[in-house]
Amino acid sequence: MQRVQRYQFWLELPAACLNRLFHNRLVNRTLSLSSYCFLFLLISSQTFLYANDLEECEQLLNSGQYQACIAKTEAAILKKTYGSEWPLLKVKAELAVGQYAEAKQTIEAGLKRYSWSLPLRLKAYEIYQLNNEHAAAIEFLSSIPELASRSAWRYTDASSLIALGQASLLKKADPALVLESFYDRAISEYPDHKDAYLASGKLALDKHDFILAQETFEAATKRIPEDADLLFGLAKSLQSGNPGRADKLISQVLNINPRYIPAHLEHIYRCIHSEQYSEAIQRLDAVLDINPHQAEAWSCLAVIAHFEHRPFDEAAYYWQALSHHNQNPKVDYQIGKALSEHYRFSEGATYQRQALEKDSLFIPARIQLAQDELRLGLEVSGWKNALLAHQQDGYDTTTFNLLELKDQLASFKTLEDETFIVRMEAREADVYGREVLKLLQEAKQVLCKKYGLKLDQKITVEIFPDPDDFAVRTFGMPAVSGYLGVCFGKVITANSPASQAEHPTNWQSVLWHEFCHVVTLELTKNKMPRWISEGLSVYEERQKNPRWGETMVPQYRDMILKGDTTPISELSSAFLNPKSSLHIQFAYYQSSMVVEYLINEFGFDAMKSILSDLRAGIPVNVAIERRTKILGELEQDFSMYLKAEAENFAPSVDWSEQDLTALTSDDTKRFDDWIDKHPHHFQGLMAYSQMLEEENRTVELESILKKLVELYPEYTGADNACLRLAELYQKQKRFELEQTYLEQHAKWNPNALSVFQRLAVLYQQQENWEAVYQVCRDANAINPLDQETQQRLANACIHLKHQPEAVAAYQAILALKPHNPAETHYQLARLLQDTHRQKAKRHTLIALEQAPRFRAAHQLLLELTAYTP
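Bear in mind that the values here come from a model prediction, so they are computed numbers and not experimental data. (Residues numbered from 1 in each chain as written. Predicted model: local features only at pLDDT ≥ 70, side-chain atom pairs only at ≥ 80, totals over all residues. Heavy atoms only, no water.)

Asker: What is the right way to look at the overall build of the protein chain in this model?
Answerer: A count of helical and extended segments in the protein chain gives 44 helices and five strands. Projected onto its principal axes, the C-alpha positions of the protein chain cover 125 × 75 × 55 Å. In the protein chain, which comprises 869 residues, the proportion classed as buried is 52%. Counting only contacts in the protein chain whose residues sit at least 6 apart along the sequence, the fraction spanning at least 24 positions is 60%. As displayed, the protein chain offers around 40800 Å² of accessible surface, 52% of which is attributable to carbon and sulfur atoms. Charge separation in the protein chain, taken as the distance between the mean sites of 91 positive and 113 negative side-chain charges, equals 5 Å. (Helix = DSSP H or I, 4+ residues; strand = E, 2+ residues; numbered from the N terminus. Buried < 20%, exposed > 50% of the residue type's maximum accessible area, 1.4 Å probe, protein only. Contact = heavy atoms within 4.5 Å. Areas by Shrake-Rupley, 256 points an atom, 1.4 Å probe, with all protein chains shown as cover. Lys, Arg positive; Asp, Glu negative; His and termini not counted. Charge placed at Lys NZ, Arg CZ, Asp CG, Glu CD.)

In structure tokens:
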């Protein structure tokens with residue numbers, strides 16, 4: 001409820017009455033005291049009724065009873081009830097149901113009576129735009145600061161301060177000044193005024209400052225609970241940081257106001273993002289029932305038509321979205337943004353350029369265009385647009401972060417060949433940059449040949465040691481976790497091994513996976529659903545190396561047999577808002593198994609034909625049916641196939657569900673007896689082994705762990721039996737047995753960095769240089785930034801006479817800043833003395849510069865100097 005306007009009523013109505021009283025006193029000085037009291041009570045009662053009626057109308061608006069709100073405010077206006085809130089409430093309700101012409105009539109009548117009202121003038125700007133009267137709209141916008149400058153004393157109430165702030169932003173004023181001069185002041189002086197918080201929070205959301213937005217809306221909802229606008233603003237501020245709470249808030253909003261269109265649109269965007277277009281259309285029909293002219297709803301229909309390759313419908317929906325405001329840049333921006341979220345960056349960029357043609361100062365479109373172009377590899381124009389957006393609005397966090405990243409990228413080292421441009425932190429580039437190029441070239445030769453793709457543009461690969469830099473380059477904001485790499489088509493971004501200290505991952509498998517995305521996205525012109533894109537990449541990981549990619553694990557087996565899979569036709573939805581990290585990993589696995597099934601059953605050519613159909617714009621479900629069989633039959637057949645895979649998984653294991661709670665908390669003897677009756681129960685044996693370890697029953701523990709390895713050798717969880725046995729044997733100095741179980745684990749886990757490093761130590765002690773060489777390479781595929789591993793690799797290469805690799809290993813050690821650089825330079829000189837004598841001499845001199853008494857280096861320098869060709 002807007003208390004400032006009520007105060008204005010009190011100022012003006014009593015003044016009129018007092019004028020009459022003064023006139024009556026001149027005519028009749030005998031007016032009694034009781035008459036004055038009666039008149040005062042009459043005014044007070046009218047004000048009370050006015051306040052109650054206004055609160056009721058506000059509640060009607062807040063709860064979505066728009067027609068009732070229109071009727072009640074219309075009645076108040078016809079009765080000449082004083083207050084500019086009445087026409088303002090009425091037009092808000094009329095706009096909510098798409099009565100734009102009626103809203104124009106209401107605002108015109110309101111301004112005739114309340115010409116001084118800045119909130120009415122600001123609303124007139126919006127309404128006239130929605131009636132395609134843009135010149136008149138601009139006049140109303142321009143009149144707001146003019147009025148305020150002539151009578152500044154009059155516009156210190158909250159509603160006027162907010163209107164002044166919003167008008168200033170529309171005039172491209174400094175957002176920080178608007179926040180301080182108008183919004184913060186309004187909140188400070190009128191702490192119970194809803195619109196002050198709403199304007200401030202929305203400004204923070206627009207600048208992608210979600211923390212400030214959350215603080216603002218949290219404070220607002222404490223003072224003004226159960227308000228749909230404020231709760232929705234809080235939900236928007238929490239979407240990235242706390243999506244679960246955001247979902248609950250949106251549900252709360254719809255409970256308060258079932259016709260609240262912004263909340264419905266949130267659900268619609270999620271449906272579109274997860275490729276549930278039928279459900280999205282149903283929800284859009286419901287929105288258009290509320291407001292048949294809602295531009296964003298028509299924009300969403302245009303997006304869906306684009307994805308379903310219905311160009312005539314797309315154009316029709318697009319023009320319908322613009323029908324009431326033909327210069328609205330938000331239409332193009334919203335369509336383009338939705339396309340870019342589906343990796344249609346080229347089409348998305350086209351829409352952003354159209355948005356900027358309508359309004360060259362529409363910053364969201366400029367920012368999105370910058371990101372689209374950077375993801376397309378159009379770096380010159382991309383960075384230019386990012387800089388221009390930052391110059392227009394220095395407070396937007398997305399462009400600020402992008403330009404900070406640009407400075408960071410300037411310090412990166414670039415490696416380039418005929419196909420790839422690789423950017424890495426300089427030290428990392430020196431350590432393993434050439435290995436990156438080598439792997440990418442192999443991926444190109446294997447996958448491009450397999451899929452029949454000829455690349456016509458260089459592919460950019462950027463590898464970031466700082467996960468926040470990766471997140472900014474990839475998503476436009478820092479602190480986005482859970483991603484190892486992302487491919488946009490012609491650009492790949494990845495986290496480097498330096499960012500994965502606690503959870504190391506094989507960087508080679510990551511780049512192979514992402515380059516497969518390059519191939520499939522290029523083949524389809526980015527017109528492929530997420531599930532088939534991810535499924536193919538995981539499948540190709542396993543084709544390259546059976547240890548790579550997602551494979552069956554007990555949790556997946558359990559999910560499959562319990563029916564917790566997603567139908568093929570809805571599989572992309574499994575990647576959106578998963579219940580847990582396990583569920584999203586399972587989505588990758590299931591997608592890869594669908595791909596594997598299709599290829600095994602119908603041949604690889606059928607898969608290539610599906611990709612060709614996708615390129616032509618044919619929907620994926622239609623394409624699959626064209627190249628395989630009816631989707632319903634396919635779903636059933638695949639379900640049976642996947643169920644059989646789950647049932648045949650680790651067949652010797654007893655996977656029955658058992659409640660182990662009592663056993664783990666009861667006496668040991670009871671657990672011993674239970675194990676005798678269930679000798680192959682995996683979970684029981686795992687729990688029993690933990691108990692044995694706690695009780696230091698080493699002999700029995702060894703036996704149980706060996707049984708676990710025998711039953712299920714592929715298990716690679718952190719508590720797996722192989723590693724526990726290896727640790728046990730290491731403590732007992734039974735190194736041969738330790739090595740046996742480490743080797744067993746290494747067969748199945750490509751990310752077992754500590755295992756590969758320990759095996760390198762054991763093999764080096766045995767002088768098994770071939771084995772040292774192999775496990776060091778395996779370790780470097782996870783983390784090439786470890787000096788000890790590089791040193792062992794160098795030693796192995798020297799013994800195996802792999803001179804180029806030995807040189808590369810010592811060069812990597814130099815880049816990693818060794819404790820004894822003189823020794824490293826000396827070893828490099830020895831390796832190079834027969835093939836690159838000048839380089840050898842230079843390394844020798846550097847060794848002597850750092851260690852002047854280094855006798856071996858002196859001797860080598862004499863040999864190099866004495867040599868005459």
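Don't stop here, the text continues.
Asker: Where do I start with the pattern of salt bridges in this structure?
Answerer: Where side chains of opposite charge bring their charged atoms close, a pairing between them can arise. Here the structure, examined in full by the defined rule, presents 48 salt bridges. Residues Glu266 and Lys236 are paired through a salt bridge, measuring 2.8 Å at the closest nitrogen-oxygen approach. Taken together, the residues Glu266 in helix 14 (residues 261-273) and Lys236 in helix 12 (residues 228-238) connect sequence positions 30 residues apart. Residue Glu266 is classed as buried on the basis of its relative accessible area of 11%. (Salt bridge = Lys/Arg side-chain N within 4 Å of Asp/Glu carboxyl O.)

Asker: Honestly, unusual backbone geometry in this entry has me stumped. Any pointers?
Answerer: Comment: phi is negative for the bulk of residues other than glycine, and the bulk of peptide bonds are trans. Backbone geometry at His309 places phi at a positive 55°, although glycine is not the residue there. Its identity as a non-glycine residue notwithstanding, Lys801 has a phi of 60°, on the positive side. Locating Lys801 in the fold gives a position in the loop between helix 40 (787-799) and helix 41 (803-815).

Asker: When you look at helix 41 in this model, what are you seeing that I'm missing?
Answerer: Along an α-helix, residues three or four positions apart point the same way, because every turn accommodates 3.6 residues. The end-to-end C-alpha distance of helix 41, which contains 13 residues, comes to 18 Å, matching closely the 18 Å that a straight helix rising 1.5 Å per residue would cover. Among all positions in helix 41, only Ala806, Val807, Ala809, Tyr810, Ala812, Ile813 and Ala815 are buried. Structurally, helix 41 contributes buried residues whose contacts are with helix 23 (426-451), helix 40 and helix 42 (821-832). Note on helix 41: the residue one or two positions beyond its end, Lys817, has a positive phi of about 60°. (Expected span 1.5 Å × (residues − 1).)

Asker: What exactly am I supposed to notice about the packing of aromatic side chains here?
Answerer: Within a pair of aromatic rings, the relevant descriptors are the distance that separates the centres and the angle that separates the planes. Tallying each qualifying case throughout the model produces 37 aromatic pairs. Seen in terms of ring centroids, Tyr451 and Phe604 are 5.0 Å apart; in terms of plane orientation they differ by 75°. Their pairing is edge-to-face. With Tyr451 in helix 23 and Phe604 in helix 29 (residues 604-615), the pair connects residues that are 153 residues apart, well separated along the chain. Here Tyr451 and Phe604 have matching classes, each one buried. A centroid spacing of 6.0 Å and a plane angle of 75° characterise the contact between Trp655 and Tyr712, whose relative ring orientation is edge-to-face. Highlighted residues: Trp655 in the loop between helix 31 (631-647) and helix 32 (661-665) and Tyr712 in the loop between helix 35 (698-711) and helix 36 (721-731), separated in sequence by 57 residues. Take Trp655: its relative accessible area is 18%, and that puts it in the buried class. Each residue in the set Phe649, Trp655, Phe682, Tyr712 and Tyr715 is aromatic and connected to the rest through ring pairs, giving one cluster. One residue, Lys450, lies across the ring of Phe604, its end atom 5.1 Å from the ring centre. (Phe/Tyr/Trp six-rings, centres within 6.5 Å; stacked < 30°, edge-to-face > 60°. Lys NZ or Arg CZ within 6 Å of the ring centre and 35° of its normal.)

Asker: Looking at this structure, I do not really get the pairing of strand 5 (residues 491-495). What am I missing?
Answerer: Each regular strand shows side chains that alternate between the opposite faces of the sheet. Where burial is concerned, most of strand 5 is hidden: five out of the five residues are buried. Of the two faces of strand 5, the one lined by Val491, Thr493 and Asn495 and the one lined by Ile492 and Ala494 are each fully buried. Relative to strand 5, strand 4 (residues 485-487) is paired through three bridges, and the arrangement is antiparallel. Note that in strand 5 the partner of Gly485 across the bridge is Ala494. If you look at the hairpin formed by strand 4 and strand 5, you'll find three residues sitting between the two strands, and Gly489 has a positive phi there, around 130°. (Pairing = 2+ DSSP bridges.)

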